[in-house]
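As a plain string of letters, each chain reads:
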Amino acid sequence: MTEEKSDFSEKAYEDVKRAKLEYEHAFDAVSDLILIVDADHTITMANSALADRMGMDASGLTGLKCYEVMHGMGKPPVFCPHSAFKNGGKSVSVELELDSLKGIFEIIISPIIGDEGGLISTVHIARDVTEKKRNEKLIAAQQRELKELVASQESRIEKMVSELRSKDDYLIQHSRLMAMSEMISNIAHQWRQPLNNIGLIVQGIQIAFKTGELTEEELEADTNETMKVIKQMSETIDDFRDFFSHEEEESSFRISELLSNSISFIEPSFNRRGIKITVDETITKTLIGYRTELKQVFINILLNARDALVENKTEEPCIKVSFSQEGERAVVTIKDNGGGISEDILPKIYDPYYTTRKSNTASGIGLYMAKMIVERKMGGVLSARNVDGGAEFKIELLG
Ligand SMILES: Nc1ncnc2c1ncn2[C@@H]1O[C@H](COP(=O)(O)OP(=O)(O)OP(=O)(O)O)[C@@H](O)[C@H]1O
Ligand SMILES: [Mg+2]
């Protein structure tokens, strides 16, 4: 029996010895820093990771006060959770920058409570998060910088966009001025006939008055006729004024009317050069958009066709305008027989300031502006291709 007991004690002793060794080995092998402190803040154990970090021997740390070693203070600091554990409590986690360990640490502090409920010791496991914190700080700083950069770029882009807009507005205005000379000659032409008519009427009145043949009825008929002619002349001026006023708002208009109105603006200069314009319409659709600007698109394309026909000295020069409905879209095509656009320059015709015209009044912004109005302002499509020895421009607009 005694022999059995001594066998048992010896085995238990061996087991405990082995467990202690294993535990010490594990304790020292852990890379986290571990410190065990008794209820009185005295260090009872420190692992190798902690001792190495402090440049000390682990056994040299035991017996010292943790607040002296760790915080370089004469008494526990106010934030010391160890003191709080004396009144009970669970594990806590704190983040501290420790000069003694030269870094920032996430520390989990767990109390070991005895059978009686009193605090025996606390286990401190500290993980070095200096690198992580530094990276976090770096990332936060970079994010801040990035945000500032994005904000500054955004305002730069906004500024650029508004500058481009005002440049575009300027181009539209400029291009209108170029069309002005066309229209002044048009007005002169359109007024010549009615002015002649008024002159004849006035002369007739004068002669009838002198010969005493002027009746009240004749005078009224002549006055009415004169007023009618003056009204027509005044409408020409209204059209002219509308064209040069700045268009802020969209309005509804009939595409057929807009097109014939655009043609009438420039027709005299086409007639003078023997260019025939035919219009073939299959719709009388009403659209909503910037009518004056769209008119300017039609005028630009028509003037380009005229220039090509004149430059090429085309025999029987003609421009065919047609408009139809294709699904949801109203489609206007303007086709000439002026030789077309050579394939190598076709991709460049919408570039601002691109021109092949010799004339010094050509600025090369006509099609750039037309594209901008049709596509950017009105959400449509403007395209060009060569068909039957001429150029064909297609304007597709959402109805
Ligand atoms: N109907 C056409 N036939 C042949 N070439 C054309 C035709 N329309 C345009 N082009 C070509 O596209 C170029 C660009 O046209 P765009 O209207 O932008 O400028 P421009 O007519 O040269 O000058 P601007 O319109 O500013 O007076 C023209 O120079 C010409 O080479
Ligand atoms: Mg042009």
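Residues numbered from 1 in each chain as written. Chains lettered and ligands numbered in written order. Predicted model: local features only at pLDDT ≥ 70, side-chain atom pairs only at ≥ 80, totals over all residues. Heavy atoms only, no water.

**Brief notes about the site of ligand 1**
Here's step 1: Around ligand 1 lies a shell of 20 residues, among which Thr-355, Thr-356, Ser-363, Gly-364 and Leu-367 are the nearest.
Here's step 2: Between ligand 1 and Thr-355 there is a distance of 2.5 Å, counted from an oxygen atom to a side-chain nitrogen or oxygen.
Here's step 3: Take Thr-356: an N or O atom from its side chain is 2.4 Å from an oxygen atom of ligand 1.
Here's step 4: Burial of ligand 1 by the surrounding chains reaches 92%, relative to a free accessible area of 590 Å².
Here's step 5: At the level of elements, helix H9 (291-311), helix H10 (366-377) and strand S12 (390-398) are the ones that each hand at least two residues to the shell around ligand 1.
Here's step 6: A total of 3 residues in the shell around ligand 1 trace back to one element, the largest contributor, which is H9.
Here's step 7: When the residues that make up the shell around ligand 1 are grouped by side-chain class, the tally is 11 nonpolar, 7 polar and 2 charged. (Near = heavy atom within 4 Å. Polar contact = N/O pair within 3.5 Å; in protein donor to acceptor, adjacent residues only side chain to side chain. Areas by Shrake-Rupley, 256 points an atom, 1.4 Å probe, with all protein chains shown as cover. Helix = DSSP H or I, 4+ residues; strand = E, 2+ residues; numbered from the N terminus. Nonpolar A, V, L, I, M, F, W, Y, C, P; charged D, E, K, R; others polar.)

**So, the pattern of salt bridges**
Here's step 1: Throughout the structure, instances matching the rule amount to 20 salt bridges.
Here's step 2: Through salt bridges with shared partners, a single ionic network connects Lys-11, Asp-15, Arg-18 and Glu-22. (Salt bridge = Lys/Arg side-chain N within 4 Å of Asp/Glu carboxyl O.)

**Some points on a nonpolar patch on the surface**
Here's step 1: There is a patch of nonpolar side chains on the surface, built from Leu-146, Leu-149 and Val-150 and spanning about 280 Å² of accessible area.
Here's step 2: Along the chain, the position of Leu-149 falls in helix H6 (residues 130-210).
Here's step 3: Judged by its relative accessible area of 49%, Leu-149 falls in the partly exposed class. (Patch = residues over 30% accessible without salt bridge, like charges linked within 9 Å, V, L, I, M, F, W, Y side chains within 5 Å. Buried < 20%, exposed > 50% of the residue type's maximum accessible area, 1.4 Å probe, protein only.)

**A closer look at the layout of surface pockets**
Here's step 1: One number sums up the size of the largest pocket: a volume of about 1100 Å³.
Here's step 2: Lining the largest pocket are 40 residues, with Leu-303, Asn-304, Asp-307, Arg-357 and Ala-362 positioned closest to its centre.
Here's step 3: At the level of secondary structure, the elements contributing two or more residues to the lining of the largest pocket comprise H6, H9, H10 and S12.
Here's step 4: Sort the elements by how many residues they give to the lining of the largest pocket and H9 lands first, with 10 residues.
Here's step 5: Taken together, the residues of the lining of the largest pocket break down into 16 nonpolar, 16 polar and 8 charged. (1 Å grid on protein atoms, 1.4 Å probe; cavity = no way out; pocket = protein on both sides within 12 Å on 5 of 7 lines; lining within 4 Å. Points joined across faces, edges and corners; volume = space filled by probe spheres on them.)

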